[in-house]
Amino acid sequence: MRVLFVGDVVAHPGKRMLKNNLKSFLAERKVDACVVNAENSAAGLGINYSSAKDLFSYGADCLTLGNHSFSCVDYLRFADSEKKIVRPANVSDAWPGFDEYLIDLGEKGRLLVISLMGQIFITPNADSPFSYFEKNIERWKKEYTPTNILVDFHAETTSEKLAFGAFADGKVSLVLGTHTHVVTADETILPCGTGYITDVGMTGTRAGIIGMNPDASLRRLKDKLPSKYLPAEGEAEMNAILAELDTNTGKCLKIERVRLYE
Ligand SMILES: [Fe+2]
Ligand SMILES: [Fe+2]
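Before going into details, it helps to say that this report is about the structure given with it. Keep in mind the model is a prediction, meaning the values are calculated, not measured.

The rules behind the values
Residues numbered from 1 in each chain as written. Chains lettered and ligands numbered in written order. Predicted model: local features only at pLDDT ≥ 70, side-chain atom pairs only at ≥ 80, totals over all residues. Heavy atoms only, no water. Helix = DSSP H or I, 4+ residues; strand = E, 2+ residues; numbered from the N terminus. Rg over C-alpha atoms; globule rule 2.2 N^0.38 Å. Contact = heavy atoms within 4.5 Å. Areas by Shrake-Rupley, 256 points an atom, 1.4 Å probe, with all protein chains shown as cover. Donors = N, O, S within 2.8 Å, 3.2 Å for Na, K, Ca; no water. Tetrahedral: all angles 85-135°; square planar, octahedral: opposite > 155°, others 65-115°. Buried < 20%, exposed > 50% of the residue type's maximum accessible area, 1.4 Å probe, protein only. Axes fitted to C-alpha atoms, helices over the stretch in contact; angles between N-to-C directions. Parallel < 35°, antiparallel > 145°, perpendicular 65-115°, else oblique. Left-handed = near helix turned anticlockwise from the far one by under 90°. Nonpolar A, V, L, I, M, F, W, Y, C, P; charged D, E, K, R; others polar.

### Observations regarding the overall build of the chain
Then step 1. Secondary structure assignment for the chain yields six helices and 13 strands.
Then step 2. For a compact globule of 262 residues, the expected C-alpha radius of gyration is about 18 Å, and the chain comes in at 17 Å, within 12% of that figure.
Then step 3. For the chain, contacts bridging at least 24 residues in sequence account for 64% of all contacts bridging at least 6.
Then step 4. Accessible area of the chain: about 11,400 Å², with a carbon and sulfur share of 52%.

### Describing the coordination of the iron ion (ligand 2)
Then step 1. At this site the iron ion (ligand 2) is bound by Glu39 (OE), Asn67 (OD1), His154 (NE2) and His179 (ND1), with donor distances of 2.1 to 2.2 Å.
Then step 2. In this structure, the iron ion (ligand 2) is surrounded by four donor atoms whose angles at the metal cover 86 to 146 degrees, and the resulting shape is irregular.
Then step 3. Counting residues between consecutive donors of the iron ion (ligand 2) along the chain gives the motif E-x27-N-x86-H-x24-H.
Then step 4. Between the iron ion (ligand 2) and the iron ion (ligand 1), a separation of 3.5 Å is found, and both are coordinated by Glu39. Placement of the pair is Glu39 in the loop between strand E2 (33-37) and helix H2 (49-58) and His179 in the loop between strand E8 (174-178) and strand E9 (188-189), with a sequence separation of 140 residues. Assigned by exposure class, Glu39 and His179 land together as buried.

### As for the packing of helix H4 (residues 129-144) against helix H5 (residues 158-168)
Then step 1. Where H4 meets H5, the axes come as close as 11 Å, and the angle between the chain directions of the two elements is 20 degrees. On the basis of their axis angle, the class for H4 and H5 is roughly parallel. Two packed elements cross with a definite hand, and for H4 against H5 that hand is right-handed. For the pair formed by H4 and H5, the contact residues are Pro129, Phe130, Phe133 and Glu134 on the first element and Glu160, Ala163, Phe164, Phe167 and Ala168 on the second.
Then step 2. Taken together, the residues that form the contact of H4 with H5 break down as seven nonpolar, no polar and two charged.

### Things to note about the coordination of the iron ion (ligand 1)
Then step 1. Donor atoms from the polypeptide that coordinate the iron ion (ligand 1) comprise Asp8 (OD), Glu39 (OE), Asn40 (OD1) and His181 (NE2), at 2.1 to 2.2 Å from the metal.
Then step 2. For the iron ion (ligand 1), the four donor atoms are set out with angles of 89 to 164 degrees between them, so the coordination reads as irregular.
Then step 3. When the donors of the iron ion (ligand 1) are listed by position in the chain, the intervening gaps give D-x30-E-N-x140-H.

Below is the structure:
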């Protein structure tokens, strides 16, 4: 099974990048399943009905979210009806939305998509992703009989992401870090067969600061003054992971970092 995972899509430049390039890439590289992190797809913060609809029409089979799941309240309107959108699972039971989604490819396999959030330097506070994983891994296997499991691990610190990768190695096919929007060059297959990267990076404007207009960041960081974040304008890039997964063993056979420029 060949899986493409696209890092955090930031606002209209990120969506434009996918609108113009994703379907051709999926066809060229013979991708079977495409998962996109959409937590910043609505004007840079959160997801809304229109950004979700757009991303599905560009080729996404499943969308994952993160700490910005509810930054755009529009998501509350359809969170409990759109099963193909997965928000972090290790959160308050009061959160609407779905904990997991199975992409059923028939003979090509069954990919279960999970999103978990870290606990260090990130809000809202989540429960331990390690405990949540331990409590649920057998249920996932029984309930969905997946051939492969992908975990989007949404966290701030590299150490927590590496620790989760080591913990989940051999139990899932992929642990892919998201949230920092800055791609890391450490993609690897861990000793027990899990494909891993600390951060996939983002899909948005190259000239911005993590996809947002630099003026607001400088006002906040240099001048210590409040400022509203707005998406940056300009040429975009797509950062993603392309992985080949063994549907018999559940192991990752190949992991490749992908960066496309507009
Ligand atoms: Fe993000
Ligand atoms: Fe995030």
